[in-house]
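If you want the building blocks of each chain, they are given just below.
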Amino acid sequence: MTFAIQVEHLQKHYGEHLAVKGISFKVEQGSLFAFLGANGAGKSTTIEILCTLLQKSSGTVTINGYTLDEKSMNGEIRKSIGVVFQQSLLDERLTVRENIIHRGKTYGLSRAQLAENYRFVSTYLHLEDIEQQKYGTLSGGQKRRADIARALIHRPKILFLDEPTTGLDPQTRQFVWQTIKQLQEETNMTVFLTTHYMEEAAVAHQVIVLKQGRIVAEGTPDFLKTQYAYDQMALVFHDRSMGLKWLKDNTLHFTENQGIFSVRLDSTMHALSLLKSAEPFLASFEVIKGSMDDVFLHIMAQGDAI
Ligand code: ATP
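The text that follows walks through the structure, step by step, so that each part is easy to find. Note that the structure is a prediction, hence the values are computed from the model and not measured.

1. Some remarks on the pattern of salt bridges
The final tally for this structure, using the stated rule, is 13 salt bridges. Here lysine 79 makes a salt bridge to glutamate 76, at a shortest N to O gap of 3.4 Å. Residue lysine 79 and its partner glutamate 76 are located together in helix 2 (residues 73–80), separated by three residues, close to a single helical turn. Ionic pairing is found between arginine 145 and aspartate 129, a salt bridge with its closest N-O pair at 3.1 Å. Of the two residues, arginine 145 sits in helix 5 (residues 140–152) while aspartate 129 sits in the loop between helix 4 (111–125) and helix 5, which places them 16 residues apart along the sequence. Residues participating in the shared-partner salt-bridge network are Arg173, Glu199 and Glu200.

2. A word on the environment of isoleucine 299
If you trace the backbone, isoleucine 299 turns up in helix 11 (residues 292–302). It is 9.6 Å that separates the C-alpha atoms of isoleucine 299 and glycine 37, two residues lying 262 residues apart in sequence. If we skip the residues at most four places from it in the chain, isoleucine 299 touches Val209, Lys211, Val216, Ala217 and Tyr228.

3. A look at helix 4
With 15 residues, helix 4 extends 21 Å from end C-alpha to end C-alpha; this agrees with the ideal 21 Å at 1.5 Å per step. Along helix 4, the residues classified as buried are Leu114, Asn117, Tyr118, Phe120, Val121, Ser122, Tyr124 and Leu125. Those residues of helix 4 that are buried are in contact with helix 3 (96–106), helix 5 and helix 6 (170–187).

4. Here's the deal with the site of the ligand
The environment of the ligand is formed by 13 residues, the closest being Gly40, Gly42, Lys43, Ser44 and Thr45. Between the ligand and tyrosine 14 there is a distance of 3.5 Å, counted from a nitrogen atom to a side-chain nitrogen or oxygen. Serine 44 is positioned such that a nitrogen or oxygen atom in its backbone is 2.7 Å from an oxygen atom of the ligand. Out of a free accessible area of 640 Å², the ligand has 59% covered by protein chains. With three residues, the top contributor of residues to the shell around the ligand is helix 1 (residues 43–50). Taken together, the residues that form the shell around the ligand break down as four nonpolar, seven polar and two charged.

About the cut-offs
- Residues numbered from 1 in each chain as written.
- Predicted model: local features only at pLDDT ≥ 70, side-chain atom pairs only at ≥ 80, totals over all residues.
- Heavy atoms only, no water.
- Salt bridge = Lys/Arg side-chain N within 4 Å of Asp/Glu carboxyl O.
- Helix = DSSP H or I, 4+ residues; strand = E, 2+ residues; numbered from the N terminus.
- Contact = heavy atoms within 4.5 Å.
- Expected span 1.5 Å × (residues − 1).
- Buried < 20%, exposed > 50% of the residue type's maximum accessible area, 1.4 Å probe, protein only.
- Near = heavy atom within 4 Å.
- Polar contact = N/O pair within 3.5 Å; in protein donor to acceptor, adjacent residues only side chain to side chain.
- Areas by Shrake-Rupley, 256 points an atom, 1.4 Å probe, with all protein chains shown as cover.
- Nonpolar A, V, L, I, M, F, W, Y, C, P; charged D, E, K, R; others polar.

Put into structure tokens, the structure is as follows:
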């Protein structure tokens, strides 16, 4: 297994405040990696350190085989990564194309290479309709497409995205998200992102949850769901007293809200046998799968550092 990112005992102090408290993790090359945490958990601080924009206090970071802060390595790291931050770095007065080409030139790409890379990013991000427009006149979603294109013009091995879909309307969010996923799948690029949208984290290969500068959970979305979320069944009885008796007889943990009973399940399949026995007095039911939202809320409520 090849790792695109390796972080060991990373710490970051802001004066007296320890914002990142000795975290360690690895990101497999070509994977989609989601870095989660509530506001102030230390996500942006970590991402800025990995992107060479912020000095770490201690620990070791290796990006694409280059060790951060070692002689002339930070320049190599910068050449091998692309970064999209919440705040755009494009010039409002230049067109989208000018912005991207200008960026490509700073990497010293040949004319032919630059033209080829531009074609690549333009196709992926559907720039045809906006490439001659001044960046400052674009909508939020169009700006995001241009931001990602700029980050990709030198064809980096890793793309860092800090909340790439925040503030976008649902349709644009879906487009941006699909593009990111497609890039990762088709070009084997490693994608490292922070997000507050749990449905995005749910399709990541690996997830880390940060809380107050510490890693409090990590694993695949499926693993995290089995650890921190559970399936539920919503039931409506046409005979309430029979329903209550049945719940008691089966020693089921439940809550009731306006005649809808929510029952915690050991597993999705557990629903089958339960439903069979409740059939005579059951009016309707729904099985609700545990989600990444449940995982996040559960961890935020009680997660202790691992
Ligand atoms: P968000 O989801 O809101 O972007 P985050 O997880 O990215 O949050 P960081 O921005 O990394 O969190 O902040 C981590 C902690 O470090 C917070 O307590 C924050 O107040 C503090 N912090 C961040 N930048 C600085 C700074 N320049 N000086 C002092 N403290 C800082």
